[in-house]
Amino acid sequence: MSTSTVESVRVRTIAIIGNPNSGKTTLFNALTRLRQKVGNYPGVTVEKKEGRITFHDGSEASLLDLPGTYSLTANSPDEKIATDILLGRTAHTTAPDSVICVVDASNLERNLYLVSQIIDSHLPVVVALNMIDIANSEGIKIDFNALQQQLGVPVIPTIASRKMGIDELKKTIETTPKSNGVVRKWSVPEVFARECDELIDLLKNYHKVSEPLAFHEALDLLTTQTPSPHQLDRFSYELMEHVKKDHRRLDFLGIDRQSVVIEARYKWINNVCAIAVTQTKHADMSLSDKIDRVLTHKVWGFVFFFALMTVIFQSIFTWAILPMELIGDGFDLLGQQITRVMPEGDLRDLIVNGALAGVAAVVTFLPQILFLFLFLGLLEDTGYMARAAFIMDRAMSKVGLHGKSFIPLLSSFACAIPGIMATRTIESPKDRLVTMLVAPLMSCSARLPIYTLMIAAFIPSTSLFGILSLPALTMLSMYLLGLTAALTMAWLLKKTLLKSAPPVFIMELPRYKLPSAKTILLKMWERARLFLREAGTIILGVSIVLWFLATYPRLENGTASEQINQSFAGRAGHLIEPLIRPLGFDWKIGIGLIGSILQREVFVSTMGTIYNIKNADEESGTLSLKEQMQNDKDPVTGKPTFTVLTAICLMVYYVLAMQCLSTVAVMRRETNGWKWPLFQFGYMTMLAYSVTFLVFRVGLWIGGGA
Amino acid sequence: MAWVHEMNEVSLSELLPGEKGTVERISHAAATVRQRLMEMGVVRGIQVQLIRFAPLGDPIEVRVGGYRLSLRRNEAQAVLVTKDVT
Ligand SMILES: Nc1nc2c(ncn2[C@@H]2O[C@H](COP(=O)(O)OP(=O)(O)O)[C@@H](O)[C@H]2O)c(=O)[nH]1
């Protein structure tokens, strides 16, 4: 039958694994020639990168880029996925057919630790000895043949960033046998080995664990201090009792169960390196060290750090404006063209004021997102990101967080979604949760259009003390407010709901290197595409729905103002008006708030939609949104709808409120349930409401309401 | 306290920038920290060197074999080394 043949042709899978910063991703890109897609592992939001690799004989295989890890003893969700996939422990996948283990040649000892664990899995493995250029420049000479002989698996020298060794690597993978069949060469004390063998037998006979996995599980069971959930879940009570007895016996004999295997592996590694590696010169102070002398200096380190942050913000606010305006003008032009050629009617209205406005709202964001990911990419690829964590850890620890939380929080300045996803590197689940919960308080780029609009319209562009411009200062205050709120909430959460011990901070400081344009461009492209696809579709949909809500039910005759008043949107706005009056907001802002629960930036396009429609028959079509908002008057009292204070309140509200459905969705996936996203939505809305209320009251009191 | 240190045995957090030491043992106080440190190469017999303190005094940067590791003083306290006299 045809179905059975389809099933039997299973594509071979090859997994790439390696330490962080070993050049894994670069190698993956070189092997797949960018034929890849990014997805998620089922159940968890660890990014799954999969690509196609074509061999010389034309056959294809699927290449899986596993998250970087130092060992197969999982500490974080990322590492757990890497281990589970590699050992075939997940329900959905079997173990890969072969493995490429990427090794940083300039740091062979530590990298070989993972290699030794993988060799024990008996999977066919090829070692890609990467970064040999760097190793050479540091005077490290590696005898490839000797290394290959010692390891018992093929070793291929590569320079992934220059695509060197890629062909040999492919050829070698093509011809690797089904199992590496290497006999374990590192040794542990005899008693330990005996218990281990006994356990392997039990696992194989009673728990249907296959050979290489059984060895790994047995080691895990014997060395663990407290059984993991996985172990309790997978193995019977009897087995766990047996393990307990083993523990007691080994402890009694004075064997340090935790260190015995690790030390045995490192002992073996030392022997391997003694044979295969020669250090020809000793660089006393590398370039990285010289750079670090300045960049982690007590004074210059912070000067540089804050200067860098300033440059990043400046560039987003100034450089990104030009392309944004160009894009905006382009869409305006397009709208005018369509208005000219199409007959008047609902359809034209829908296209120009609904769809086109939505698309424009999405696309004008791209410059900012690209700029932010350009900078984040640069920080990451140069190696500075780890220094930022190093510098900021002490400060972060004041609120009970980890230096590593700094990076996700920093990323949240672009968008909380990648920020939340970047928390995967944080090992402690509670610290990770706290970071995720406060990440959306950081002012993301989606708030920027709101700030920009409000500031341009209502904050006088004068300067304070001659140098500080008031608009820039206002903008900065909003960012600082978000930051302060995030840190305070983190501190509060760590003290109360998510109380836990201070997190562990053990982090490699990678060598500085010149960033690779390709790596960064690829990342920018990936993020931009993700934004266009995921956020873009939501914004577009909401724009059209909002256009509909603001247009129907149609009034036969009446001004545009009456029309919107009567529309579904207007009614909803009126409905919540009593609720938001205490914040100084009217029903139009109400519509904006409702519409932007899905996505903050929708607020601007909603305002655009509302005012565009409103002024369609008033011959003021060329007036910009900003001017229309300035001119807008309350029809009853004749007072302006927006004042400086309203503008500030609105910005404050948006700084603190969780007006982003995509973030809620990501949170749900990351935390595997609705509890935390709902909690987050609730606390942020409450926080936003109360702080805005306070600001409004204080503002009125001061007299800023005039 | 009556810790009977070996002649030069100090904790890694007590080294000064530039000072080197050889790892003797890692205390059992925190199992995860211990596991992680050992797996990253901080094992008995390896030479470590304290490179610098972070600008705010914590964490610290340590050279382990061929690479740089940063860890908090708190964690470094668990690592006991004999100071190399040079
Ligand atoms: N000099 C040199 N740089 C490399 C080599 N392989 C990768 N890189 C660079 O090392 C950095 C980190 O690589 P990446 O693939 O992101 O590492 P990953 O964290 O293991 O995925 C990038 O800037 C690469 O361009 C190599 O063989 N030699």
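Just above sits the structure.
Summary of the structure given here. (Residues numbered from 1 in each chain as written. Chains lettered and ligands numbered in written order. Predicted model: local features only at pLDDT ≥ 70, side-chain atom pairs only at ≥ 80, totals over all residues. Heavy atoms only, no water.)

All right, on to the overall build of chain A then. Of the regular secondary structure elements, chain A holds 32 helices and 12 strands. Counting across all 706 residues of chain A, residues that qualify as buried make up 53%. Contacts in chain A between residues at least 24 apart in sequence constitute 71% of all its contacts with a sequence separation of at least 6. (Helix = DSSP H or I, 4+ residues; strand = E, 2+ residues; numbered from the N terminus. Buried < 20%, exposed > 50% of the residue type's maximum accessible area, 1.4 Å probe, protein only. Contact = heavy atoms within 4.5 Å.)

Counting its secondary structure elements, chain B contains two helices and six strands. When the helices and strands of chain B are listed from N to C terminus, the series reads β-β-α-β-β-β-α-β. The C-alpha atoms of chain B give 12 Å as radius of gyration, which agrees with the globular expectation for 86 residues (12 Å, within 12%). Taking the principal axes of its C-alpha atoms as reference, chain B extends roughly 35 × 30 × 25 Å. (Rg over C-alpha atoms; globule rule 2.2 N^0.38 Å.)

Evaluated as defined, the whole model comprises 15 aromatic pairs over all chains. When the centroid spacing of 5.2 Å and the interplanar angle of 15° are considered together, the rings of Y113 of chain A and Y266 of chain A count as stacked. Of this pair, Y113 of chain A sits in helix α4 (residues 108–120) while Y266 of chain A sits in helix α12 (residues 257–276), and the two are 153 residues apart along the sequence. The exposure classification of Y113 of chain A matches that of Y266 of chain A, with both residues buried. Judged by centre distance (6.3 Å) and plane angle (50°), the ring pair of W186 of chain A and F215 of chain A falls under tilted. Taken together, the residues span a long stretch of sequence, with W186 of chain A in the loop between α7 (166–174) and α8 (190–206) and F215 of chain A in helix α9 (residues 211–223) at a distance of 29 residues. Grouping residues by exposure puts W186 of chain A and F215 of chain A together as buried. Within the aromatic cluster, the residues linked to one another by ring pairs are F302, F305, F306 and F406 of chain A. Directly above the aromatic system of Y67 of chain B lies the positively charged group of R110 of chain A, at a separation of 4.2 Å from the ring centroid. (Phe/Tyr/Trp six-rings, centres within 6.5 Å; stacked < 30°, edge-to-face > 60°. Lys NZ or Arg CZ within 6 Å of the ring centre and 35° of its normal.)

Now for the interface of chain A and chain B. Taken residue by residue, the interface counts 42 residues in chain A and 32 residues in chain B. Summed over both partners, the interface of chain A with chain B buries about 3400 Å², with 53% contributed by carbon and sulfur atoms. Interface area lost by chain A to chain B is led by Q258, F390 and I506 of chain A, which between them contribute 20%. One can count six salt bridges joining chain A with chain B. In this structure, R44 of chain B engages E263 of chain A in a salt bridge whose closest nitrogen and oxygen atoms are separated by 2.7 Å. Counting the contacts that link chain A with chain B gives 21 residue pairs in polar contact (both at pLDDT 80 or more). (Buried area = accessible area lost by both parts, 1.4 Å probe. Salt bridge = Lys/Arg side-chain N within 4 Å of Asp/Glu carboxyl O. Polar contact = N/O pair within 3.5 Å; in protein donor to acceptor, adjacent residues only side chain to side chain.)

In short, the description is geometric, and any link to function would need to be established separately.
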